[in-house]
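Observations on chain architecture
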Amino acid sequence: MPKRPRIAILGFALESNRFAPVIGRSGFERINYLEGQAILDEARKPNPRIAANVTGFIKTMDESGDWEPVPLVIANGAAAGPCDHTFFTELMADMKRGLEAAKPLDGVYFSQHGAAITTEHHDPDGLMFEMARAVVGKDVPIIATLDLHANISELMVGSTDLLVGYITNPHVDMWDRGIEAAKAMRELLAGVRYYPTFIRLPLVAPSVTLLTARGPYGDLINMGQARRAKENAIVNVTIMGGFAWSDTPDNGMAIVVTSRGSTDPGQRLARDLAKACWADRERYQVTLTPLEDAIGMMKDLNRDSSKPALVFADVADNPGGGARGNTTWILKAAHEAGVEDMAITPFFDEEMAADAHKLGCGTRFLARFNRSETQEFSKPFEAEAVVRNLSDGVIVGRRGTGAGRTIRLGPTATLQVGGIRVVVISNRTQALDTGYFESFGVAVDQMRSLVVKSRGHFRAGFDHLFPHERVIEVDCPGLVSPILSRYTWKGLPRPVYPMDPAATWAAD
Ligand SMILES: [Zn+2]
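What you see is a predicted model; the values in this text were computed from it and never measured.

Considerations on the coordination of the zinc ion
- The zinc ion binds to the protein through Asp147 (OD), His149 (ND1) and His171 (NE2); the donor distances cover 2.0 to 2.1 Å.
- Donor residues binding the zinc ion come from one chain and are separated in sequence as D-x1-H-x21-H. For the pair formed by aspartate 147 and histidine 149, the shared burial category is buried.

Here we look at unusual backbone geometry
- Geometrically, the link from lysine 103 to proline 104 is a cis peptide bond, its omega value of 5 degrees lying close to zero.
- Looking at where proline 104 falls in the secondary structure, it is placed in the loop between α4 (85-102) and β4 (107-112).
- In this structure, the amide linkage connecting arginine 494 to the following residue, proline 495, adopts the cis form with an omega of 0 degrees.
- Tracing the chain through its elements places proline 495 in the segment after β20 (471-475).
- Non-glycine residue alanine 78 carries a positive phi angle of around 50 degrees.
- Position of alanine 78 among the secondary structure elements: in strand β3 (residues 68-80).
- Classification of alanine 78 by relative accessible area gives partly exposed; the value is 39%.
- Even without glycine at this site, asparagine 370 takes up a positive phi of about 60 degrees.
- Along the polypeptide, asparagine 370 turns up in the loop between β13 (364-369) and β14 (381-391).

Observations regarding the sheet that holds strand β8 (residues 234-240)
- Spatially, 3 strands are ordered β7-β9-β8 in an open sheet, and the strand pairing comes out antiparallel. The two strands at the open ends of the sheet, each matched to only one other strand, are β7 (194-200) and β8. On average, each strand axis in the sheet is tilted by 10 degrees relative to the strand beside it, whichever way the strands run.
- As paired elements, β8 and strand β9 (residues 254-260) share 6 bridges and run antiparallel to each other. Among the inter-strand pairings, valine 237 is bridged to a residue of β9, identified as valine 257.
- Each of β7, β8 and β9 is contacted by helix α7 (residues 174-189), which is oriented at about 135 degrees to β7, the strand it contacts most.

So, α4
- A rise of 1.5 Å per residue sets the reference length of α4, with its 18 residues, at 26 Å; its end C-alpha atoms lie 25 Å apart and thus fit the reference within 8%.
- Along α4, the residues that are buried comprise His85, Phe87, Phe88, Leu91, Met92, Met95, Gly98, Leu99 and Ala102. Seen along its axis, α4 keeps its buried residues to an arc of 155 degrees; they face one direction. The exposed residues of α4 that point more than 90 degrees off its buried face are Arg97 and Ala101.
- Tucked inside the fold, the buried residues of α4 contact β1 (6-16), α1 (25-31), β2 (32-35), β3, β4 and α5 (124-136).

Some details on the nonpolar core
- Counting 71 residues, the largest nonpolar core has Phe12, Leu99 and Ile152 as its most contacted members.
- When neighbours within four sequence positions are excluded, isoleucine 152 is seen to be in contact with Leu146, Val157, Leu163, Phe198, Arg200, Met240, Asp250, Ala254 and Val256.
- Ranked by size, the runner-up nonpolar core spans 34 residues in total, among them Ile344, Ile420, Val451 and Ile472.

Focus: the domain arrangement of the protein
- Considered domain by domain, the protein is made up of domain 1 (6-192), domain 2 (194-235 + 259-286 + 483-508) and domain 3 (289-481).
- Centre-to-centre separation of domain 1 and domain 3, based on C-alpha positions: 32 Å.
- Taken together, the contacts link 20 residues of domain 1 with 24 residues of domain 3.
- Summed over both partners, the interface of domain 1 with domain 3 buries about 1,600 Å², with 47% contributed by carbon and sulfur atoms.
- Put simply, domain 1 and domain 3 have 1 salt bridge between them.
- A salt bridge links glutamate 350 to arginine 30, with the nearest nitrogen and oxygen atoms 3.3 Å apart.
- Run the count over domain 1 and domain 3 and you get 11 residue pairs in polar contact (both at pLDDT 80 or more).
- When residues of the side of domain 1 that touches domain 3 are traced back to their parent elements, those giving at least two are α1 and β3.
- When grouped by side-chain class, the residues that make up the side of domain 1 that touches domain 3 number 12 nonpolar, 5 polar and 3 charged.

Description of the pairing of β20
- By the criterion of burial, β20 is predominantly enclosed, with 4 of the 5 residues buried.
- As paired elements, strand β10 (residues 289-290) and β20 share 2 bridges and run parallel to each other. Residue pairing for β20: threonine 289 is matched across the bridge by valine 474.
- The pairing of strand β11 (residues 310-313) with β20 spans 3 bridges and is classified as parallel. Note on β20: the bridge partner recorded for valine 311 is valine 471.

Some details on the packing of helix α10 (residues 291-303) against helix α11 (residues 329-336)
- The geometry of α10 relative to α11 is characterised by a closest axis approach of 10 Å and an angle of 50 degrees between their N-to-C directions. As summarised for this structure, α10 and α11 are arranged oblique, according to the angle between their axes. Both α10 and α11 take part in a crossing whose hand is right-handed. Counted together, Leu291, Ile295 and Met298 of α10 and Trp329, Ile330, Ala333 and Ala334 of α11 form the full contact between these two elements.
- Its residues assigned to classes, the contact of α10 with α11 shows 7 nonpolar, no polar and no charged.

The rules behind each value
- Residues numbered from 1 in each chain as written.
- Predicted model: local features only at pLDDT ≥ 70, side-chain atom pairs only at ≥ 80, totals over all residues.
- Heavy atoms only, no water.
- Donors = N, O, S within 2.8 Å, 3.2 Å for Na, K, Ca; no water.
- Buried < 20%, exposed > 50% of the residue type's maximum accessible area, 1.4 Å probe, protein only.
- Helix = DSSP H or I, 4+ residues; strand = E, 2+ residues; numbered from the N terminus.
- Pairing = 2+ DSSP bridges.
- Axes fitted to C-alpha atoms, helices over the stretch in contact; angles between N-to-C directions.
- Contact = heavy atoms within 4.5 Å.
- Expected span 1.5 Å × (residues − 1).
- Arc of directions from axis to C-beta.
- Core = buried A, V, L, I, M, F, W, Y, C linked by side-chain atoms within 4.5 Å.
- Domains from an automatic or database assignment.
- Buried area = accessible area lost by both parts, 1.4 Å probe.
- Salt bridge = Lys/Arg side-chain N within 4 Å of Asp/Glu carboxyl O.
- Polar contact = N/O pair within 3.5 Å; in protein donor to acceptor, adjacent residues only side chain to side chain.
- Nonpolar A, V, L, I, M, F, W, Y, C, P; charged D, E, K, R; others polar.
- Parallel < 35°, antiparallel > 145°, perpendicular 65-115°, else oblique.
- Left-handed = near helix turned anticlockwise from the far one by under 90°.

Have a look at this one:
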């Protein structure tokens, strides 16, 4: 075992929605692109911008013995469209040069999302791991942490020693998975060998069925974790729900079980999990609330003050899935229906935020939402508005998946549009907690209806006020509607359940 192991730290985190606009270098730089020492400096700040799995990994390596971190590059593009292939090629070349120059290395850690595509390739994550393996050789451990919405390829499994996927959705365990990756790195450095088993099912689960606090997916993850706790030979159980809109041949519920000593224990558990998942597949079906019914509920809340306020999730316009965060179906319908004491956050419209900052607080003007937006779901909408609040948009996450992290929404303006408050932001992102209202002058306890542009991560930031029963998932058009039959798929394997009810799978 090396006395002072040299561990390279790398990352490429992108959840690609094939139907969303391409993201290139400037897009990554705007979100989070760090090189060299800046990675360690950021990770060791009290409220870092960097993903919690990286900070968890570094802290645990710091605490578990001597080591020499070799920070190379971490490119985080959050959720967007395909990665520009030229940028991806440059990034890979930078990583390769960095790894070669850093040799001899004793280990490699990747902070990866695992659902990227490029404009030319459907598995850039696999290509990146393969490149790292070729540089460091077969005896140097490579570990990657992955988002629960990763799509897994054979190349990803075959090029790494261990994949550690999140086990919670909303993802409140990123930090814990970083710790797990570091502990596994220590074990691999000590000479233990890992054996992965990978099974992919023809099940492309609609996003809203992949919560882990309840439902079929939560049950499956619990089954895997319970077995892992009992069986010493099992290192890790990763069950990836996947991300449908990457639209690749690698889509499908992925089970990766890694065992110590031999393949057998992992193989047995992976098969048991796959069988249980497939037997339970009918529960991965979606029911959303039609827009008209949602507006009716909002009107009802205005009429009857004895009813508790509700959260309405615009799940199809979730920026966390690559959507634009600016569709106007709910805003327009609620405005026309005269809904009051309602607020929407966050609405992505950089031009609108800039207008409001120029006009100043208290100014009345004709707000023209989406006036330069070209994405087909982001329809324009015009209405009289008053500027109520202005901010630089820098906040610290209060609760849930963003807790303790610095978040930059860019110039932000709260507009009053009839009885509706709209929080307009300049950096496209989803709502993670009540701070996305309250930091911008909207008192959550005074609102009857709260609309969030988010599929599900908001739940971990609102659960102290809004339990599951008071969250309504609204059916509107958008780039990430859970009604998957509405899209024209090019890469997805077919048939897949539940889009194709006749899809079959057998364990042998
Ligand atoms: Zn995710």
